[in-house]
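What the coordinates show
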Amino acid sequence: MPDSVLWAVDLFGRVYTLSTAGQYWELCKDTQLEFKRVSAATQCCWGIACDNQVYVYVCASDVPIRRREEAYENQRWNPVGGFCEKLLPSDRWPWSDVSGLQHRPLDGVALPSLHWEWESDWYVDENFGGEPTEKGGWTYAIDFPATYTRDKKWNSCVRRRRWIRYRRYKSRDSWAKIPSKDDPKQLPDPFNDLSVGGWEITDEPVGRLSVWAVSLQGKVWYREDVSHPNPEGSSWSLMDTPAEAAQISCGPHDLLWVTLWEGQALVREGISRNNPKGSSWSVVEPPTSENGIMHVSVGVAVVWAITKDRKVWFRRGVNSHNPCGTSWIEMVGEMTMVNVGLNDQVWGISCDDRAMYFRQGVTPSELSGKTWKAIVAGRESDRSHSGSSLSLLSAGCFFGDEVRGSGESCAPSDTDASSDAERPGPDQPVPAESLDCPGDPKGSSASGPGTSRTTEHPAEVASPATQTPRPEPRPGPACTPAEVPWTNIDLKEPKKTPSHPLAGLPETTGLSSLEVLPLGLEEPYGADDHPLWAWVSGGGCAVEAHSVLKWFSVQLGLSPSVQTLSLSITPAQTAAWRKQVFQQLTERTKRELENFRHYEQAVEQSVWVKTGTLQWWCNWKPHKWVDVRVALEQFTGHDGARDSILFIYYVVHEEKKPGVRRFRSRVWTWHRLASHAVYIHVFLNEVTALVPVLNEAKHSFALYTPERTRQRWPVRLAAATEQDMNDWLALLSLSCCESRKVHGRPSPQAIWSITCKGDIFVSEPSPDLEDPAHPLPCDQMFWRQVGGHLRVVEANSRGVVWGIGYDHTAWVYTGGYGGGCFQGLASSSSNIYTQSDVKSVYIYENQRWNPVTGYTSRGLPTDRYMWSDATGLQECTKASTKPPSLQWSWVSDWSIDFSVPGGTDQEGWQYASDFPASYHGYKTMKDFVRRRCWARKCKLVTSGPWLEVAPIALGDVSIIPESPGASGNGHSVALWAVSDKGDVLCRLGVSELNPAGSSWLHVGTDQPFASISIGACYQVWAVARDGSAFYRGSVSPSQPAGDCWYHIPSPPKQRLKQVSVGQTAVYALDENGNLWYRQGVTPSYPQGSSWEHVSNNVRRVSVGPLDQVWVIANKVQGSHSLSRGTVCHRTGVQPHEPKGQGWDYGIGGGWDHISIRANATRAPRSASQETAGERSGEQGLPSGPAQVAGALQESLGPVCC
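Residues numbered from 1 in each chain as written. Predicted model: local features only at pLDDT ≥ 70, side-chain atom pairs only at ≥ 80, totals over all residues. Heavy atoms only, no water.

1. Side note on the overall build of the protein chain
In plain terms, the rule: Strands here are runs of E lasting at least two residues and helices are runs of H or I lasting at least four, both read from the DSSP assignment and numbered beginning at the N terminus. Working definition: with a 1.4 Å probe on protein chains only, accessible area under 20% of the residue-type maximum means buried, over 50% means exposed, and in between means partly exposed. Contact definition: two residues touch when any of their heavy atoms are within 4.5 Å. Computed with a 1.4 Å probe, the accessible areas rest on the Shrake-Rupley method; for each residue, only the protein chains presented here act as cover.
A count of helical and extended segments in the protein chain gives seven helices and 76 strands. Out of the 1201 residues in the protein chain, the part that is buried amounts to 53%. Expressed as a percentage of contacts within the protein chain between residues at least 6 apart in sequence, the contacts between residues at least 24 apart total 59%. Accessible area for the protein chain stands at about 54,900 Å²; split by element, carbon and sulfur atoms hold 52% of it.

2. Observations regarding the packing of aromatic side chains
For any pair of aromatic rings, the description rests on two quantities: the centre-to-centre distance and the angle between the ring planes. Test applied: Only Phe, Tyr and Trp rings take part, Trp by its six-membered ring, and two of them pair if their centres are within 6.5 Å. Stacked means planes under 30 degrees apart, edge-to-face means over 60, and tilted covers everything else. Both a distance and an angle decide whether a charge sits over a ring: NZ of Lys or CZ of Arg must be within 6 Å of the ring centre and within 35 degrees of the ring normal.
By the definition in use, this model includes 39 aromatic pairs. With 6.3 Å between their ring centres and 75° between their planes, W1021 and W1091 make a pair best called edge-to-face. Of this pair, W1021 sits in strand 63 (residues 1020-1024) while W1091 is found in strand 69 (residues 1090-1095), placing the two residues 70 residues apart along the sequence. Assessed through its relative accessible area of 1%, W1021 is described here as buried. Of the aromatic side chains, those joined through ring pairs into one cluster are W7, F35, Y55, Y57 and W175. Looking at R1078, its charged tip hangs above the ring of W1091, at a distance of 4.9 Å from the centre.

3. Comments concerning the sheet that holds strand 35 (residues 533-537)
As a reminder of what qualifies: DSSP calls a pair of strands paired once it identifies at least 2 bridges connecting them.
Read across the open sheet, the five strands follow the order 32-3-2-1-35; overall the sheet is mixed. Every interior strand has two partners, whereas the edge strands, strand 32 (378-379) and strand 35, have only one. Note: strand 1 (residues 5-10) against strand 2 (residues 15-19), five bridges, orientation antiparallel. Considered in strand 2, the bridge of V5 is made with S19.

4. Let's talk about the nonpolar core
The following threshold applies: Side-chain atoms within 4.5 Å link the members of a nonpolar core, which is a set of buried Ala, Val, Leu, Ile, Met, Phe, Trp, Tyr and Cys residues.
Within the largest apolar cluster, 36 residues are counted, with the highest numbers of intra-cluster contacts made by W802, L954, W976, W1000, F1009, I1012 and W1045. If you list the elements that add at least two residues to this core, you get strand 48 (801-804), strand 49 (810-813), strand 58 (954-959), strand 59 (975-979), strand 60 (984-988), strand 61 (999-1003), strand 62 (1009-1014) and strand 63. Apart from the residues within four sequence positions on either side, F1009 is in contact with V978, G982, V984, A1022, V1023, A1024, R1025, F1030 and W1045.

5. Notes on the sheet that holds strand 75 (residues 1142-1145)
Heads up, the rule is: For helices, the fitted line uses only the C-alpha atoms of the stretch in contact; every axis is such a line through C-alpha atoms, and the angle between N-to-C directions lies from 0 to 180 degrees.
Taken in spatial order, the four strands of this open sheet run 70-71-74-75, and their pairing is antiparallel. Strands at the two margins of the open sheet, each flanked by one partner only, are strand 70 (1098-1103) and strand 75. Ignoring which end each strand starts from, the neighbouring axes of this sheet average 30° apart. In this structure, strand 70 lies alongside strand 71 (residues 1109-1113), joined through five bridges in antiparallel fashion. Its bridge partner being in strand 71, R1100 is matched across the sheet by I1112.

6. Digging into the pattern of salt bridges
Note the cut-off: Salt bridge, as applied in this entry: a Lys or Arg side-chain nitrogen positioned within 4 Å of an Asp or Glu carboxyl oxygen.
All chains considered together, the criterion is met by 27 salt bridges. E70 is paired through a salt bridge with R68; the nearest N and O atoms lie 3.0 Å apart. The exposure class of E70 is partly exposed, given its relative accessible area of 21%. One salt bridge connects R104 with E69, and the closest N-O pair in it is separated by 2.4 Å. In this pair, R104 is assigned in the loop between strand 9 (95-96) and strand 10 (116-118) and E69 in strand 7 (residues 66-78), connecting sequence segments 35 residues apart. Neither residue differs from the other here; R104 and E69 are each classed as buried. When salt bridges that share partners are traced, they join R68, E70, D125 and R162 into one network.

7. Some details on the UniProt feature "domain: Peroxin/Ferlin" (unreviewed entry) in the protein chain
Test applied: UniProt positions are given in the numbering used here, feature names are shortened, and annotations may be inferred rather than shown by experiment.
This chain's UniProt record puts "domain: Peroxin/Ferlin" (unreviewed entry) on residues 64-125, 137-170, 836-897 and 908-941. For residues 137-170, the helix share is 0%, the strand share is 44%, and the end-to-end C-alpha distance is 30 Å. In this annotation, residues 908-941 is assigned 0% helix and 50% strand; the end-to-end C-alpha distance for the span is 31 Å.

8. Here's the deal with the environment of V283
Along the chain, V283 falls in strand 24 (residues 280-284). The exposure class of V283 is partly exposed, given its relative accessible area of 47%. Sequence-wise, V283 and V267 are 16 residues apart; in three dimensions their C-alpha atoms are separated by 6.3 Å. In contact with V283, other than residues within four places in its own chain, are Q264, A265 and L266.

9. Brief notes about a nonpolar patch on the surface
Let me state the cut-off plainly: To count toward a patch, a residue needs a relative accessible area above 30% and no salt bridge. Like charges then connect within 9 Å, nonpolar side chains (Val, Leu, Ile, Met, Phe, Trp, Tyr) within 5 Å.
Side chains of L11, F12 and L532 sit close together on the surface and give an oily, nonpolar patch of about 250 Å² of accessible area. Relative to the elements of secondary structure, L11 occurs in the loop between strand 1 and strand 2. Under the relative-accessibility criterion, L11 is labelled partly exposed at 46%.

10. Some words on the side chain of R1032
Selection rule: Neither His nor the chain ends is counted toward charge; the positive residues are Lys and Arg and the negative residues Asp and Glu. For the purposes of these results, a polar contact is taken to be a pair of N or O atoms within 3.5 Å, where, inside protein, one atom must be able to donate a hydrogen and its partner to accept one; residues adjacent in sequence count only when each atom of the pair is a side-chain atom.
The topology assignment puts R1032 in strand 64 (residues 1029-1033). Of the side chains with opposite charge, D1043 comes closest to the buried, unpaired R1032, at an N-O distance of 5.4 Å. Engagement of the side chain of R1032 in a polar contact is seen with the backbone oxygen of A1041, the distance being 2.8 Å. Dropping the residues within four chain positions of it, R1032 is found in contact with W976, V1003, G1004, V1020, A1041, G1042, D1043, C1044 and W1045.

11. Brief notes about the side chain of R359
Following the sequence through the fold, R359 ends up in strand 30 (residues 356-360). One buried charge, R359, has no salt-bridge partner; the nearest side chain with opposite charge is E366, at 7.1 Å. Of note is the side chain of R359, whose polar atom sits 3.0 Å from the backbone oxygen of S368. Setting aside residues up to four positions removed in sequence, R359 forms contacts with W304, M331, Q345, V346, S368, G369, K370, T371 and W372.

12. Considering the pairing of strand 44 (residues 751-755)
Most of strand 44 is tucked away, with five of its five residues classed as buried. Burial of the side chains of strand 44 extends over both faces: I751, S753 and T755 are buried on one face and W752 and I754 on the other. Across four bridges, the pairing between strand 44 and strand 45 (residues 760-763) is antiparallel. Its bridge partner lying in strand 45, I751 is registered against S763. In this structure, the hairpin formed by strand 44 and strand 45 is closed by a connection of four residues, where G758 is found at a positive phi of approximately 95°. Where strand 44 meets strand 76 (residues 1151-1155), four bridges bridge the pair, whose relative direction is antiparallel. By the bridge assignment for strand 76, I754 is matched with H1153.

13. Some points on the pairing of strand 65 (residues 1044-1048)
Counting buried residues in strand 65 gives four out of five residues, a clear majority hidden from the surface. As judged from the five bridges shared by strand 64 and strand 65, these two strands associate in the antiparallel manner. Counted as the bridge partner of A1029 is I1048 from strand 65.

Next comes the structure, spelled out in structure tokens:
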């Protein structure tokens, strides 16, 4: 998960944020306002200031918030003057919106508020349906309204063109006051409470929010049209309520609860995608009749409440179908307010000392959690005090006369809920504090609300007058720097005025207790005081169950050596001592083995490594899983090389006939042990891949060899549990790598690929792989798995690798290997991080029209299943559909998907004349069938050498391929991407040392894009969502974003979906699986001249720095069936034959993505090739990538398409 923040307001009205990766509260940048409460979402935060006005804080991002304004210029043909603005009285306005019903002159389009600014002036859109129009951007039709075309015909009596202007939201990282354009008579009175949610309402458009508010008069208001492109919304709508409201809470989904002044609660029902404001109210009684509900907070499937006696309550049985729940459960603690954030995590503020608590142990199976734990994170301003404390420590201020036993020390723990770092429950009584215990005053953040503590008083002895007093090491939740768990040190207790120190921190005297504040600013807290909180909001704070937070102990910037405070041995002495011991042990080992060198090896050279029981898929009749015994034998040769053999034993329960099928080869050998026993043995040094198989019911994996790869017939094995499968996969993969002497992280030249399951594989390229004369066959390539889970991967030869998950999260490769099921020797000890991914599973509900009952689920005998997949060939019901594999788990219920191509009606239906046909989102008289898509989200959690690049979700990414012999010239690595919303981005600061880069640079476009690719000479090509192609001009290291886009016509009657650029070659893929090559690309004309068809049946294409072409084929004929998703290499690609001549089939099926862009390994050149190269150099052709790049950049200019 990316670093998200927790928002909070203290009693002085100051707004703070606390990152999930940090341990300090940071004061909000805009400090001029004082707030009463806030409500946060992922990218923004709404708040009510002390002036009772509503403000919104939109977090800064590299992608700007842009809103497109459109106006249409309409003209009619006149026999006298031709086309002019004189229209008929029944016509639309000369300047209108797209419908023609609203008058919209260019000078009448104004900015909605002061928080917006115009990005450019009005200009004509000359793109129509992915094709360029004639100069002027006019489209023609017979009449208004009608179907418009870009070609002028003899009967074209009207025409129109679209004018576009973009506006940009400029108030980022600051509080922007929400403007009000409502009727003065209907303006809302000052607000008292506010809540933001609804961003995960089923099938909600991405970025839309539901903002609810309660006024001082008890009225409930709803903010219309709040979304990411329009963060302010448009207006307030008054909602009818049966009684006066006091407080409101809106969850991420469809839960909305309101507390009433009488102590009851209202629950809004009927909230959905088409009706985000709901339809009706239901009343929920308080837990007890004596004390009504004072405060409520809701999440996805939970409701927490505070009654007037400060008791905390949890509502049982809450879900989307029953938003009211069933009953109340009293929880431990007394709070003044609680807040439910993302993943139903809970925060609270105690009523005694205004300290903040986090509810630990909240999981999907235990929504109420286990215990409250205090957040003792310091403020950002406390960093200044850490420096003075550190200076006192280094000066010996912790020396004294107090004798402290080793039993009084403690080991710090941030995650253990049962450790001393956790505060006791907030419901315990508070005893009176004694002045004899100055180190533990009341209100210390080390003790929770109502915590009872006892403090030991160590015996004091006289100290020398020259002894410097030291802060008292207090017993508390974490070890102080003076408390060393493994040594006894004499310390002296100082005499000073009691204060309120932070938990686990020593009080300081002298300089460390002084505060240096900026002139004119008043610090409301002392250096050791914890903030007094008034409000907290976790709507933008994502805390996973496995997350490790730094909120529960404060270490004010002290180095590890100071924190442990080793007074007897310095780190330098420890390092020297370790080095000396290691040298002595090494010398002793050499002496002891010297006399035994002439002895022969006395151990057997083979050993059984692992045996077990698996299932093997029998590929012939009866085509079923067979129980087998397997054993892996590993042996070591005299040269130290290791090899392994895998034996598979199974029993035949019936007599084999003489004509039984037997398979025998150099790798796989069948042996008849007895009349009914058979075993197979496999040499692992000839295995080319071990691939987990996507299976809903079994934990299975496939084993490939070159011969099995050619036959598309791998051997499949299945384990009883996921752990067994992971153990076997890890062991077999490690044995295969040892046999081939492949270890460690992949090389920078590695070829990366991804299966349809999301597993990541790499292959080390051989120099002969791209040999034009005798290329290495693809089926000989060895693929090994790298931990993690991705949908797209992109690499270049400088070691920069990026990936994109199914949930559009961007990841960067950290340089490790392993993770997931690969642990121990099969994984690196560092650079492995937790990784999660979310994807949706889709099924279709089909219906046919009946003259009596209308549309019904009873179809014709020849129809598809009434619940099926997208093809209609496989039956898929809600009950029978499982996650893609056993590694995935459901995280949502089934919901209607309204984002399918072709559009839907309000209920999600698509209509057609018959199955299958072209579907549309409206019903006509000829539509006899309909369908709608249902989606359900599932989640996978694994680990791998990947770090998340926050916070922008990506749809595609491209890294510049390094040409052979290029050294980088000191430039950063060019990386372009397309966000999930279609924005084009350029990543700055990407290098080998910083592969994640530093920031995003937004590149303006007139429409959303879908795919992008940058070539070795900084040629940037892109494909828009409407299928049209674009070329970006003047891209260079000094001008990384280029200057303008040039429209490239698509192939005739085709819509492109992907593009890939090598050193000079440009390939594109359309929606029908056709692969196209761009002809005529030269340094003087980089846009090329035309598209030439290369092949069909292609799913994905990748062009490398040598202009080599690799694809994922959709269907490849094998020995037994069609293999979908096969890696294929284009053979015969040469300068005089850039399209190649044929295909070489590699690993498959089940592959979904490949990146060849890091492989710049050339085959050794022969004498004839060198002579040909010299002749080409004499003819003046660019002989190297540097010359090609230079010629290309010099020729770029304003080219008119």
